[in-house]
Amino acid sequence: MSLFKARDWWSTVLGEKEEFDQGCLCLADVDNSGNGQDKIIVGSFMGYLRIFSPHPVKTGDGAQAEDLLLEVHLREPILQVEVGKFVSGTEMLHLAVLHSRKLCVYAVSGTLGNVEHGNQYQIKLMYEHNLQRTACNMTYGSFGGVKGRDLICIQSMDGMLMVFEQESYAFGRFLPGSLLPGPLAYSSRTDSFITVSSCRQVESYKYQVLAFATDADKRQETEQQKLGSGKRLVVDWTLNIGEQALDICIVSFNQSASSVFVLGERNFYCLKDNGQIRFMKKLDCSPSCFLPYCSVSEGTINTLIGNHNNMLHIYQDVTLKWATQLPHIPVAVKVGCLHDLKGVIVTLSDNGHLQCSYLGTDPSLFQAPKVESRELNYDELDVELKELQKIIRDVNKTQGVWPMTEREDDLTVSAVVLPNFDSVSQATNVEVGTDLVPSVTVKVTLQSRLALQKAKLSLYVQPPLVLTCDQFTFEFMAPEMTRTVAFSVYLKGSYIPSELEGNAVVSYSRPTGIPRVIQCKFRLPLKLICLPGQPSKTASHKLTIDTNKSPVSLLSLFPGFANQSDDDQVNVMGFRFLGGSRVTLLASKTSQRYRIQSEQFEDLWLITNELILRLQEYFEKQGIKDFACSFSGSMPLQEYFELIDHHFELRINGEKLEELLSERAVQFRAIQRRLLTRFKDKTPAPLQHLDTLLDGTYKQVIALADAIEENQDNLFQSFTRLKSATHLVILLISLWQKLSADQVTILEAAFLPLQQDTQELGWEETVDAAISHLLKTCLSKSSKEQALNLSSQLNIPKDTSRLKKHITLLCDRLAKGGRLCLSTDAAVPHTMVMPGGCTTIPESDLEERSVEQDSTELFANHRHLLAETPMPDVSSLHGVSD
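Residues numbered from 1 in each chain as written. Predicted model: local features only at pLDDT ≥ 70, side-chain atom pairs only at ≥ 80, totals over all residues. Heavy atoms only, no water.

1. Describing the overall build of the chain
Looking only at helices and strands, the chain features 14 helices and 43 strands. Taken over 882 residues, the chain has a buried fraction of 44%. Relative to all contacts within the chain whose residues are 6 or more apart in sequence, the contacts with residues 24 or more apart total 62%. Just so you have it, the chain exposes about 46,500 Å², and 51% of that area is on carbon and sulfur atoms. (Helix = DSSP H or I, 4+ residues; strand = E, 2+ residues; numbered from the N terminus. Buried < 20%, exposed > 50% of the residue type's maximum accessible area, 1.4 Å probe, protein only. Contact = heavy atoms within 4.5 Å. Areas by Shrake-Rupley, 256 points an atom, 1.4 Å probe, with all protein chains shown as cover.)

In structure tokens form, the structure reads like this:
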């Protein structure tokens, strides 16, 4: 049993298909028994009046026949029930029942029974008032400071307050500007009525002002009102809360001060007598009812708040002290003394679920039985322990702690990209230019082995690729059920994505409740973002990939990019991306080399990667397993560093623009305050060109906001290009040093830690921290470097010089024989056998300069050796020169 669950002391269900609201519940000693025991009075919209006195034999019992003292059908809907001193000449409590067009006051009495049926209760009508207007709600109290009796005030649906001095009608007043009635309460300390108007503000009206104001027999102003006969109804104070109120309660636990509690749709407020806010609390859930009920410590008030999540929250001022679960949504809540049990919480739902409950826990009455004492045989226990340990070892050897096959067999996910484009392209709102943007359909199939609930399929592709639908939800999947969904992918932006690989991730829960996630990757075709183009003879950036097999015809590798107008495409092929950039691919006739060249460095990545993947697939189909690629050229770090600098410059520009925007916003608000002060001044003063300054500042704010949006778009595109260049550098390093798959994974984790770049956490500081960690662990020279600690906080750097030096140093140490691994202990033997030793991480700028010079000499020597080994026949490839 949950600790945070209301303990059911007594409960019942009232009638069938009856409806109730917050005014339908009241707790009081309505029969004037004098024993301090409250009775539960409930009225329904069907016209039934019921009075209960619960006497459960044990906790949680339902209602017994003797618990219902009285049930009467009054034939008219009951809007509200209240108990007070409503009859003149006596201070006995009477019951007031509000109908839509009538107010009735009853006396409830009981007679002792002489037989086993018990006591008998009946009600007697003392008086009634027929109402001229449809009633909404009512309140009562000692209006005007009268002693020993209570007066009743009824609010009509058109905003009129009707005051009844017990058996006689006193007066009626229209509230000014009333459109819809709100909750109504009376404060005895200030002798005023408090309500919330349709203007969403709390309003207070003095009783004396109401009594002496002009009579409200007609809403229109009469000639006497125009001449000044009577007094105009003036509000005492108002407070704008900006939301409609559900209920109002006046709480006064001492004579010195009282509090006005207002329950709104999203907040509840505590106000002073003069309308000032004492405190307020923003609620997490939509409330349904509330009740301030007691003061535990001096200066604080406890409040019960029910909400539409079947919860009852107990607040001490604004601090949540307890939360309890109810079996229904309460529309009314009261606290009373029932059957000598103080503090019973009585809740009523809109469909008639009446429950008396309390908070806390039930005492545990369980007592452990006595264990017979016996002598232990330790030899037998040792033998049993060894047998159990042997069983545990055998299970761990054969099966493992987590059975992976069972988890993978729960759900199977597969993705298929259709070979042909969609007949009608699904691309909308594209920003590519004049090119026709195609779209391709991807089908994802889910096959479940078990019954699964609420399986959610999420799809992701690299921007600017977009999906026609990126989420699918399956409420229920029966065993052996297969579900297939289809969606289209197309290019939306004018730049190319960093990858053509997409992810399909399915999250679901097993029947035991354990959450699981499974993913499936799919590869999009190159022709989705690329068209055949004319080869270019000159290019700013070139790469040469070496292989150990004879060159393959480019027509067989890229059959979809054959240009019909050019018959000499065996060794040369041109590609044109939808964004406009071009890439040329050349294959040597005599050597085993391929050259990729383009005007943009980052554009080389997709074609280079696609070339290597298609070469591997080609030789696998031929049955050749020893195919390998390598890279022997100079590492293009300078081109890579230019992209890093451009990306970092956009980040710095973004920060400067945001600072300027913040300054202009502060200036704009200051000018607004000055203008508002001038406009409110009773004696008009010249504006002194404040309006011109306001207009100019406003235009600057708009211009800065547009500049920030443009900079964010440029930053996003720059980050995509930087990711493409990073993928290319990782590929070249892996081909250059022949890194294993695990080492490539470590490099990708270090260079590509973020899927999205933000101002708070950017690519530069994250990658710098990751590379520094690699240099101080697996690529370190000694254990002294491994003991160095990195900063625990990542901040945007002043410039990129440190990052570029660390990247250069990483390549330097890999060139000297360093190898990447995650274990620090395993890294030390590798560093001990590095040829020529490794340079330590520089601790000063002077040391960094020396390391940079050493690295520059290394790569210069590397370039010199490459220059002495020319690439055969590349210049003679059909007129395409280097």
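2. As for the layout of surface pockets
Each pocket or cavity is described by its volume, and for the second largest pocket that value is around 1,200 Å³. For the second largest pocket, the lining is made up of 42 residues, of which Trp605, Asn609, Leu731, Val744 and Glu748 are closest to its centre. Every element with two or more residues in the lining of the second largest pocket is listed here: β36 (501–509), β37 (515–523), β39 (541–547), α6 (604–621), β43 (629–630), α8 (690–737) and α9 (741–751). The biggest single contributor to the lining of the second largest pocket is α6, with 8 residues. Among the residues making up the lining of the second largest pocket, the classes are represented as 20 nonpolar, 12 polar and 10 charged. (1 Å grid on protein atoms, 1.4 Å probe; cavity = no way out; pocket = protein on both sides within 12 Å on 5 of 7 lines; lining within 4 Å. Points joined across faces, edges and corners; volume = space filled by probe spheres on them. Nonpolar A, V, L, I, M, F, W, Y, C, P; charged D, E, K, R; others polar.)

3. Here we look at the packing of α8 against α9
Closest axis-to-axis distance for the α8/α9 pair is 10 Å, and the angle between their directions is 150 degrees. With respect to their mutual orientation, α8 and α9 come out roughly antiparallel. Viewed along their axes, α8 and α9 form a crossing whose handedness is right-handed. Residue-level inspection shows Thr726, Ile730, Ile733 and Ser734 of α8 in contact with α9, the latter providing Val744, Leu747, Glu748 and Phe751. (Axes fitted to C-alpha atoms, helices over the stretch in contact; angles between N-to-C directions. Parallel < 35°, antiparallel > 145°, perpendicular 65-115°, else oblique. Left-handed = near helix turned anticlockwise from the far one by under 90°.)

4. Topic: the pairing of strand β4 (residues 48–52)
Most of β4 is tucked away: 4 of the 5 residues are buried. Relative to β4, strand β3 (residues 39–43) runs antiparallel, the two being bridged by 4 bridges. Considered in β4, the bridge of Val42 is made with Arg50. The turn joining β3 and β4, which pair antiparallel and follow one another in sequence, is formed by 4 residues; a positive phi near 95 degrees is taken by Gly47. Summarising the sheet, β4 and strand β6 (residues 68–73) pair through 5 bridges and their orientation is antiparallel. Its bridge partner being in β6, Leu49 is matched across the sheet by Val72. (Pairing = 2+ DSSP bridges.)

5. Side note on the nonpolar core
Grouped together as the largest cluster of nonpolar side chains are 102 residues, with contacts concentrated most on Leu457, Val489, Leu524, Phe575, Tyr640 and Phe751. When residues of this core are assigned to their parent elements, the largest contribution, 11 residues, is made by α8. If near-sequence neighbours (up to four positions away) are discounted, Phe575 is found in contact with Leu526, Cys530, Leu531, Gly533, Phe558, Phe561, Ser581, Arg582, Val583, Leu585 and Ile607. (Core = buried A, V, L, I, M, F, W, Y, C linked by side-chain atoms within 4.5 Å.)

6. Section: the side chain of His313
Locating His313 in the fold gives a position in strand β25 (residues 311–316). Under the relative-accessibility criterion, His313 is labelled buried at 15%. What His313 contacts, discounting residues up to four positions off in sequence, is Thr303, Leu304, Ile305, Asn307, Leu320, Trp322 and Ala323.

7. What about the sheet that holds strand β26 (residues 319–325)?
Here 4 strands make up an open sheet; going across it, the order is β23-β24-β25-β26 and the pairing antiparallel. Edge strands, defined here as strands with exactly one partner in the open sheet, are β23 (287–294) and β26. Strand-to-strand twist in this sheet, taken as the mean axis angle between neighbours without regard to direction, amounts to 20 degrees. As paired elements, strand β24 (residues 302–307) and β25 share 5 bridges and run antiparallel to each other.

8. Brief notes about unusual backbone geometry
Note: most peptide bonds trans; most residues except glycine with negative phi. Residue Pro464 follows Pro463 across a cis peptide bond; omega there is 10 degrees. One non-glycine residue, Lys17, adopts positive backbone phi at about 55 degrees. Position of Lys17 among the secondary structure elements: in the loop between β1 (7–13) and β2 (25–28). With a phi close to 60 degrees, Gln166 is a non-glycine residue in the positive phi region. Given a relative accessible area of 3%, Gln166 falls into the buried group.

9. Quick look at the packing of aromatic side chains
Throughout the structure, instances matching the rule amount to 20 aromatic pairs. Taking the centre distance of 6.3 Å and the plane angle of 85 degrees together, the rings of Phe268 and Phe279 count as edge-to-face. One end of the pair, Phe268, is in strand β21 (residues 267–271); the other, Phe279, is in strand β22 (residues 277–282), with 11 residues separating them in the sequence. Neither Phe268 nor Phe279 differs from the other in exposure class; each is buried. Relative to Tyr698, the ring of Phe668 has its centre 6.2 Å away and its plane inclined at 40 degrees; by these criteria the two rings are tilted. One end of the pair, Phe668, is in helix α7 (residues 637–680); the other, Tyr698, is in helix α8, with 30 residues separating them in the sequence. The class of Tyr698 is partly exposed, set by a relative accessible area of 45%. Chaining the aromatic ring pairs together yields one cluster made of Phe143, Phe171, Tyr186, Phe193 and Tyr207. The ring of Phe421 has Lys527 sitting right over it, with the charged end atom 5.2 Å from the ring centre. (Phe/Tyr/Trp six-rings, centres within 6.5 Å; stacked < 30°, edge-to-face > 60°. Lys NZ or Arg CZ within 6 Å of the ring centre and 35° of its normal.)

10. Comments concerning the packing of α9 against helix α10 (residues 763–776)
Packing of α9 against α10 brings their axes to within 8 Å, and their N-to-C directions diverge by 140 degrees. Overall, the two elements α9 and α10 adopt an arrangement that is oblique. Together, Ile746, Ala750 and Phe751 of α9 and Trp763, Val767, Ala770, Ile771 and Leu774 of α10 make up the contact between the two elements.

11. A few points about the confidence of the model for the chain
In the predicted model, the chain carries a mean pLDDT of 82, and 84% of its residues have values of at least 70. Here residues 218–230 scores under 50 on pLDDT; set against residues more than four positions off or in separate chains, the count is 12 contacts. (pLDDT = per-residue confidence, 0-100.)

12. Quick word on α9
Every buried residue of α9 is listed here: Gln743, Val744, Ile746, Leu747, Ala750 and Phe751. Angularly, the buried residues of α9 cover 155 degrees about the axis, an arc narrow enough to put them on a single face. The exposed residues of α9 that point more than 90 degrees off its buried face are Ala741, Asp742 and Ala749. Check the buried side of α9 and you find it contacts α7, α8, α10 and α12 (801–815). (Arc of directions from axis to C-beta.)

13. Some points on a negative patch on the surface
Negative charge collects at one region of the surface, where Asp379, Glu380, Asp382, Glu384 and Glu387 lie side by side. Tracing the sequence through the fold places Glu384 in helix α3 (residues 378–398). (Patch = residues over 30% accessible without salt bridge, like charges linked within 9 Å, V, L, I, M, F, W, Y side chains within 5 Å. Salt bridge = Lys/Arg side-chain N within 4 Å of Asp/Glu carboxyl O. Lys, Arg positive; Asp, Glu negative; His and termini not counted. Charge placed at Lys NZ, Arg CZ, Asp CG, Glu CD.)

14. What about the state of the cysteines?
Considering all chains together, one arrives at 0 disulfides under this definition. Of all cysteine sulfurs in the structure, the one in Cys821 sits closest to Cys778, which takes part in no disulfide; the separation is 5.1 Å. Given the relative accessible area of 1%, Cys778 is considered buried. (Disulfide = S-S within 2.5 Å.)

15. Some words on α10
Here α10 is 14 residues long and its end C-alpha atoms lie 20 Å apart, about the 20 Å a rise of 1.5 Å per residue gives. The complete set of buried residues in α10 reads Trp763, Glu764, Glu765, Thr766, Val767, Asp768, Ile771, Ser772, Leu774, Leu775 and Lys776. (Expected span 1.5 Å × (residues − 1).)

16. Quick notes on the sheet that holds strand β18 (residues 237–240)
Here 4 strands make up an open sheet; going across it, the order is β15-β16-β17-β18 and the pairing antiparallel. For this open sheet the edge positions go to β15 (184–187) and β18, each flanked by a neighbour on one side alone. The average undirected angle you get between the axes of adjacent strands in this sheet is 20 degrees. Across 5 bridges, the pairing between strand β16 (residues 192–196) and strand β17 (residues 201–206) is antiparallel. By the bridge assignment for β17, Ile194 is matched with Ser204.

17. What to know about the pattern of salt bridges
All told, the structure shown has 23 salt bridges when counted by the stated rule. Notably, a salt bridge pairs Asp645 with Lys804, separated by 3.2 Å at the nearest N-O pair. Taken together, the residues span a long stretch of sequence, with Asp645 in helix α7 and Lys804 in helix α12 at a distance of 159 residues. With its nearest N and O atoms 3.9 Å apart, the salt bridge here joins Asp812 to Lys816. Look at the salt bridges and you will find they share partners, linking Glu18, Arg50 and Glu71 into a network.

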